[in-house]
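Chain residues, written in single-letter form:
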Amino acid sequence: MSTSVTTPATSGIFAPIVIVGPTASGKSQTAMAAAISHGNTHIVACDAMQVYRRMDIGTAKPTIDDQRQVAHHGLDLVNPRERFTVSEYQTYARAAIAQIHASGARALVVAGTGLYLTALIDDLNFPGEWPDVRAELGREPGIDVLYRRLQELDPIAASKIEPSNRRRIERALEVCIGSGRPFSATGPGTGAYPDNGVVQIGILWNRETLATRVEQRVHQMMDDGFLQEVRELRESGSLSHTARQALGYKELIEHLDGEYSLAAAVTAMITHTRQFAVRQERWFRRDPRIRWVHIERDPATEIGPLLAEYLR
RNA sequence: GGUCGGGUAGCUCAGUAGGCAGAGCAUGCGCCUGAAAAGCGCAGGGUCACCGGAUCGACGCCGGUCCCGACCA
């Protein structure tokens with residue numbers, strides 16, 4: 001079955017169940033427990049960093065043991081030196097879910113990366129890439145020049161992009177110039193929340209507790225040999241633009257480069273991870289389709305019953 | 001004990017020849033279409049260490065007190 005651009009491959013009776021939540025909220029653990037107790041369930045990771053091989057500890061990737069107990073998808077798709085984008089994820093994950101469902105099993109998506117999830121379950125059509133156009137735009141020093149040009153070519157897109165956001169201005173221009181059509185004609189975008197039949201369950205902790213969990217997890221990662229993992233990655237060659245910016249990896253690479261003491265790197269890592277968790281919450285809470293569950297102590301047991309209704 | 005620095009936002013520090021107090025980071029909120037663990041924006045937040053004085057007016061000037069640092073004895 002081909003991945004139609006107008007109908008997500010996920011709609012209909014075989015729509016997946018999705019667990020969303022910020023980092024360190026206990027998504028993976030919850031999914032594992034549910035998959036084991038219900039059987040015939042595959043877990044599909046929706047995570048921009050777990051796609052990289054050899055980036056295991058810092059991305060909190062499900063262990064080999066977990067993967068032996070429950071079939072996982074979306075992990076270890078590319079080398080950390082390779083480029084990987086939302087668009088590729090969209091194609092990959094829709095095909096994976098279609099295949100899982102075709103085999104008569106259930107797909108349980110575990111989502112931490114908001115844009116990737118939108119690409120997976122909603123109508124997000126990526127218009128294409130024009131590297132030569134992009135390169136040329138990158139050479140223009142004046143951001144105001146670029147913004148004015150976008151205002152001419154695509155006033156609608158320009159009105160939605162802040163004049164200071166160079167990256168988005170460049171991408172919109174790249175599409176306008178490359179395709180000859182306005183970027184804003186691409187589709188409804190990320191702000192549309194159509195009824196797609198996908199059940200999304202959100203894990204919600206209070207801020208302070210989540211912050212504590214983040215801190216504890218960072219220390220746990222360090223105890224588990226995170227520094228050694230980063231050292232090996234760093235020695236095996238340079239990472240792709242995306243992989244290089246993964247939380248924790250970035251800070252530890254800077255430490256190994258001598259820019260940070262280890263203690264400072266760990267502190268920065270905790271702060272940045274906490275900020276990331278908040279940003280994830282902000283992304284997800286815009287989606288009115290998500291059913292949030294306030295967690296007091298243990299997400300696996302507190303979400304279990306709700307999940308059971310849909311995994312039957 | 002003496003001399004010299006310094007005490008300003010949660011943190012690190014600017015600042016004013018006296019006229020309603022600033023930045024970066026942190027925090028809160030918002031945005032997000034091929035880097036998204038990325039990128040961008042907005043906001044809240046101060047008895048300018050304390051006490052007294054001169055001045056129309058002090059964070060700034062004068063006197064004193066306390067605290068921190070360096071050096072000298």
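Look up: the structure comes first, before these words.
Residues numbered from 1 in each chain as written. Chains lettered and ligands numbered in written order. Predicted model: local features only at pLDDT ≥ 70, side-chain atom pairs only at ≥ 80, totals over all residues. Heavy atoms only, no water.

## Considering the overall build of chain A
Each helix and strand in chain A was counted, giving 14 helices and six strands. Taken over the C-alpha trace, chain A has a radius of gyration of 20 Å; the compact-globule value for 312 residues is 20 Å, and the two agree within 12%. Considering chain A as a whole, with its 312 residues, one finds that 46% of them fall into the buried category. Within chain A, contacts between residues separated by at least 24 positions form 76% of all contacts whose residues are at least 6 apart in sequence. Here chain A displays about 15,700 Å² of accessible surface, and carbon together with sulfur accounts for 51% of that area. Each charge class in chain A can be summarised by its mean position, and for the 35 positive and 37 negative side chains these summaries are 3 Å apart. (Helix = DSSP H or I, 4+ residues; strand = E, 2+ residues; numbered from the N terminus. Rg over C-alpha atoms; globule rule 2.2 N^0.38 Å. Buried < 20%, exposed > 50% of the residue type's maximum accessible area, 1.4 Å probe, protein only. Contact = heavy atoms within 4.5 Å. Areas by Shrake-Rupley, 256 points an atom, 1.4 Å probe, with all protein chains shown as cover. Lys, Arg positive; Asp, Glu negative; His and termini not counted. Charge placed at Lys NZ, Arg CZ, Asp CG, Glu CD.)

## Focus on helix α4 (residues 114–121)
Taking burial as the measure, the eight residues of α4 include seven buried ones, the bulk of the element. Residues of α4 that are buried: Gly114, Tyr116, Leu117, Thr118, Ala119, Leu120 and Ile121. Residues of α4 that are buried sit in contact with β1 (17–20), β2 (41–46), α3 (86–102), β4 (106–111), β5 (199–204) and α13 (262–284).

## Observations regarding the protein's contact with RNA strand B
Around RNA strand B, the surrounding shell holds 48 residues, and the nearest of these are Arg168, His241, Thr242, Arg285 and Arg286. If you look at RNA strand B and keep only atoms within 4 Å of the protein, 60% of those are sugar or phosphate atoms. One nitrogen or oxygen atom from the side chain of serine 164 is found 3.1 Å from a sugar or linking oxygen belonging to RNA strand B. In the model, a phosphate oxygen of RNA strand B is placed 2.9 Å from a nitrogen or oxygen of the arginine 274 side chain. Among the elements of the structure, α3, α4, α8 (166–179), α11 (241–244) and α13 are those that each provide at least two residues to the surface near RNA strand B. The element that contributes the greatest number of residues to the surface near RNA strand B is α13, accounting for seven residues. When the residues that make up the surface near RNA strand B are grouped by side-chain class, the tally is 15 nonpolar, 18 polar and 15 charged. (Near = heavy atom within 4 Å. Polar contact = N/O pair within 3.5 Å; in protein donor to acceptor, adjacent residues only side chain to side chain. Nonpolar A, V, L, I, M, F, W, Y, C, P; charged D, E, K, R; others polar.)

## Focus on the pattern of salt bridges
For the structure shown, the criterion picks out 12 salt bridges. With a closest N to O distance of 2.6 Å, arginine 83 and glutamate 129 form a salt bridge. One end of the pair, arginine 83, is in the loop between β3 (72–73) and α3; the other, glutamate 129, is in the loop between α4 and α5 (131–139), with 46 residues separating them in the sequence. We classify arginine 83 as partly exposed; its relative accessible area is 48%. (Salt bridge = Lys/Arg side-chain N within 4 Å of Asp/Glu carboxyl O.)

## Considerations on the sheet that holds β1
Here we have six strands laid out as an open sheet, ordered β3-β2-β4-β1-β5-β6, and parallel in their pairing. The open sheet has two edge strands with one neighbour each: β3 and β6 (290–294). Bridging between β1 and β4 involves four bridges; their strand directions are parallel. Note that in β4 the partner of valine 18 across the bridge is valine 109. Along the sheet, helix α1 (residues 27–38) contacts β1, β2, β3, β4 and β5; its crossing angle with β4, the most-contacted strand, is approximately 170 degrees. (Pairing = 2+ DSSP bridges. Axes fitted to C-alpha atoms, helices over the stretch in contact; angles between N-to-C directions.)

## Things to note about the nonpolar core
Residues Tyr52, Tyr89, Val109, Leu117, Leu120 and Phe226 are the most contacted members of the largest nonpolar core, which totals 49 residues. Counting residues in hydrophobic clusters, the runner-up holds 22 residues, among them Ile19, Ile43, Ile201 and Trp205. (Core = buried A, V, L, I, M, F, W, Y, C linked by side-chain atoms within 4.5 Å.)

## A word on the pairing of β1
The side-chain alternation of β1 yields two buried faces, one formed by Ile17 and Ile19 and the other by Val18 and Val20. Relative to β5, β1 runs parallel, the two being bridged by four bridges. Bridging across to β5, valine 20 finds its partner in glycine 202.

## Looking at the packing of aromatic side chains
If you walk through the whole model with that rule in mind, you get two aromatic pairs. Their ring planes at 25 degrees and their centres at 5.0 Å tell us that tyrosine 89 and tyrosine 116 sit as a pair that is stacked. With tyrosine 89 in helix α3 and tyrosine 116 in helix α4, this pair connects stretches of sequence that are 27 residues apart. Overall, the relative accessible area of 0% leaves tyrosine 89 in the buried class. Ring geometry for phenylalanine 226 versus tyrosine 249: centroids 4.9 Å apart, planes at 80 degrees, classification edge-to-face. Of the two residues, phenylalanine 226 is situated in helix α10 (residues 226–235) and tyrosine 249 in helix α12 (residues 249–256); the sequence distance between them amounts to 23 residues. On the basis of relative accessible area, tyrosine 249 is assigned to the buried category, the value being 0%. (Phe/Tyr/Trp six-rings, centres within 6.5 Å; stacked < 30°, edge-to-face > 60°.)

## A few points about the pairing of β5
Counting buried positions over the six residues of β5 gives six, a clear majority of the element. Residues of β5 alternate between two faces, with Val199, Ile201 and Ile203 on one and Gln200, Gly202 and Leu204 on the opposite face, all of them buried.

## Comments concerning the packing of helix α9 (residues 207–223) against α13
Running from N to C, α9 and α13 point in directions that differ by 135 degrees, and their axes come no closer than 10 Å. Our classification of the angle between α9 and α13 gives oblique. Here α9 and α13 pass one another in a crossing that is right-handed. In this structure, α9 uses Arg207, Leu210, Ala211, Val214, Glu215, Val218, His219, Met221 and Met222 to contact α13, whose residues at the interface are Leu262, Val266, Met269, Ile270, Thr273, Arg274, Ala277, Val278 and Glu281. A breakdown of the residues in the contact of α9 with α13 according to their chemical character gives 12 nonpolar, two polar and four charged. (Parallel < 35°, antiparallel > 145°, perpendicular 65-115°, else oblique. Left-handed = near helix turned anticlockwise from the far one by under 90°.)

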